[in-house]
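Observations on the three-dimensional arrangement
The chain contents come next:
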Amino acid sequence: MTHIEDLNIKEEIKINPHLVFNLIVRSYSKQLYTSIRRIVITHQDTDDILQETLLKIWKNLSSFKGESKIYTWAYKIAINESLTFLRSKKRKSWLLFDNTYENEARDNFDYINGDIIDKKLKEAIFLLPPKQKLVFNMRYYDEIPFKEIAQILKLNEGGIKAQYHHATKKIENFINND
Amino acid sequence: MKNSKFSFSEYKKKDDSEDLKAPEGYYNELENNVRNKISSSNKQSFINSLIPIASIASVIIFVFVFINKKYDSDTNDSNTDWLSYIDEDIEEQNYISITDELTEEELNAIYEDFISAN
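Quick caveat, the model's predicted, so the values are computed rather than measured.

1. Notes on the nonpolar core
Formed by 64 residues in total, the largest nonpolar core has its most connected members in F136(A) and I171(A). Not counting chain neighbours up to four residues away, the residues in contact with I171(A) comprise L121(A), A124(A), I125(A), L128(A), F136(A), F6(B) and F8(B).

Given below as structure tokens:
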């Protein structure tokens, strides 16, 4: 079986884009699913975003320049899709006074294994503003270097570090004051 | 940790990937859904690419039909109908020219003849 890491992706895309795309779907769907779900919490929303991400990957495959690893490129698309989703949900709930998304997400915290601190940690992360939430998840769970996060979110590295610092403080306060 | 304050420096990070696992059989379903979305998006882009061609074609057909009809109506007019227009014009012109030529006295005479006759 062909492994995506063994391929010269840029060249292979020109020869057989279908093969490259199938390998991306099979090799990275699980990792992308986990990263997206950490941000949007519910399975249904994660599924929608992941499908949209894969569709965008397919449509833009020919524009992959090979400047980064193919996973980083796919991850970047997934993160941007998640950010768009969070912003639209926030706008919608603000305009319609609709808390359905927040309530559905909170119900999902009950399924999290572990002690009360783990559940509170998830809730605190969920309550962060969209960009802070992304920065925190990318750094804390996905362990992406600040420099790379800055490139993905098109912000400067110093700003990203500050966002991460604020996020950790907010989470600590939320857990300690609850 | 319950009574002490929570701090990231003391907290041992937990691997949460088990909590975030997708339902059984999800990834096969995902592959099928993505394949279907791609094929319907390809169809949609094909339809979208046809829209400008169809618009141009419909304009050409419309112009062709319009010119053809105009040509037909022009040729029909030149055969017969224009004669009746000319006849009407001549009658109208004659009427105007006859009445314009009468003097006031002649008109009075015609009027008196008309009165006496009735």
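2. Looking at the confidence of the model for chain B
As a note on interpretation, predicted positions should not be read in detail where pLDDT is low. Confidence in the prediction of chain B, expressed as mean pLDDT, is 78, and 74% of residues score 70 or more. Complex prediction metrics read pTM 0.69 and ipTM 0.76.

3. Thoughts on helix α2 (residues 104-117) of chain B
The end-to-end C-alpha distance of α2(B), which contains 14 residues, comes to 20 Å, matching closely the 20 Å that a straight helix rising 1.5 Å per residue would cover. Burial of α2(B) is sparse: only zero of the 14 residues sit out of reach of the surface.

4. Examining a nonpolar patch on the surface
There is a patch of nonpolar side chains on the surface, built from F46(B), I47(B), L50(B), I51(B) and I53(B) and spanning about 490 Å² of accessible area. Among the secondary structure elements, I53(B) is positioned in helix α1 (residues 26-101).

5. Remarks on the confidence of the model for chain A
Mean pLDDT over chain A: 86, with 86% of residues reaching 70 or higher. Across chain A, the secondary-structure element scoring lowest on mean pLDDT is helix α5 (residues 100-108) of chain A, at 65, and the one scoring highest is helix α3 (residues 43-60) of chain A, at 95.

6. Some details on helix α6 (residues 116-126) of chain A
Three or four residues apart is the spacing at which side chains of an α-helix point the same way, because the helix has 3.6 residues per turn. Counting buried residues in α6(A) gives eight out of 11 residues, a clear majority hidden from the surface. If you check which residues of α6(A) are buried, you get I117(A), D118(A), K120(A), L121(A), K122(A), A124(A), I125(A) and F126(A).

7. Regarding unusual backbone geometry
In most cases, non-glycine residues show a negative phi, while peptide bonds are predominantly trans. Residue and element names in this part refer to chain A. Of note in this structure, I41 is not a glycine but carries a positive phi near 75 degrees. Mapped onto the elements of the fold, I41 is located in the loop between α2 (17-40) and α3. Phi is positive for K154, close to 55 degrees, though the residue is something other than glycine. Of note, K154 is situated in the loop between α8 (146-153) and α9 (157-177).

8. Section: the interface of chain A and chain B
Often the size quoted for an interface is simply the accessible area lost on bringing the parts together. Across the contact, 35 residues belong to chain A and 26 residues belong to chain B. Both faces combined, the contact of chain A with chain B buries some 2800 Å², and carbon together with sulfur accounts for 62% of it. Looking only at chain A, the three residues that lose the most surface to chain B are Q51(A), Y140(A) and N176(A), adding up to 19% of its buried area. One salt bridge in this structure joins K122(A) and D16(B), with 2.5 Å as the shortest N-O distance. Where chain A meets chain B, there are 10 residue pairs in polar contact (both at pLDDT 80 or more).

The rules behind these values
- Residues numbered from 1 in each chain as written.
- Chains lettered and ligands numbered in written order.
- Predicted model: local features only at pLDDT ≥ 70, side-chain atom pairs only at ≥ 80, totals over all residues.
- Heavy atoms only, no water.
- Core = buried A, V, L, I, M, F, W, Y, C linked by side-chain atoms within 4.5 Å.
- Buried < 20%, exposed > 50% of the residue type's maximum accessible area, 1.4 Å probe, protein only.
- Contact = heavy atoms within 4.5 Å.
- pLDDT = per-residue confidence, 0-100.
- Helix = DSSP H or I, 4+ residues; strand = E, 2+ residues; numbered from the N terminus.
- Expected span 1.5 Å × (residues − 1).
- Patch = residues over 30% accessible without salt bridge, like charges linked within 9 Å, V, L, I, M, F, W, Y side chains within 5 Å.
- Areas by Shrake-Rupley, 256 points an atom, 1.4 Å probe, with all protein chains shown as cover.
- Salt bridge = Lys/Arg side-chain N within 4 Å of Asp/Glu carboxyl O.
- Buried area = accessible area lost by both parts, 1.4 Å probe.
- Polar contact = N/O pair within 3.5 Å; in protein donor to acceptor, adjacent residues only side chain to side chain.

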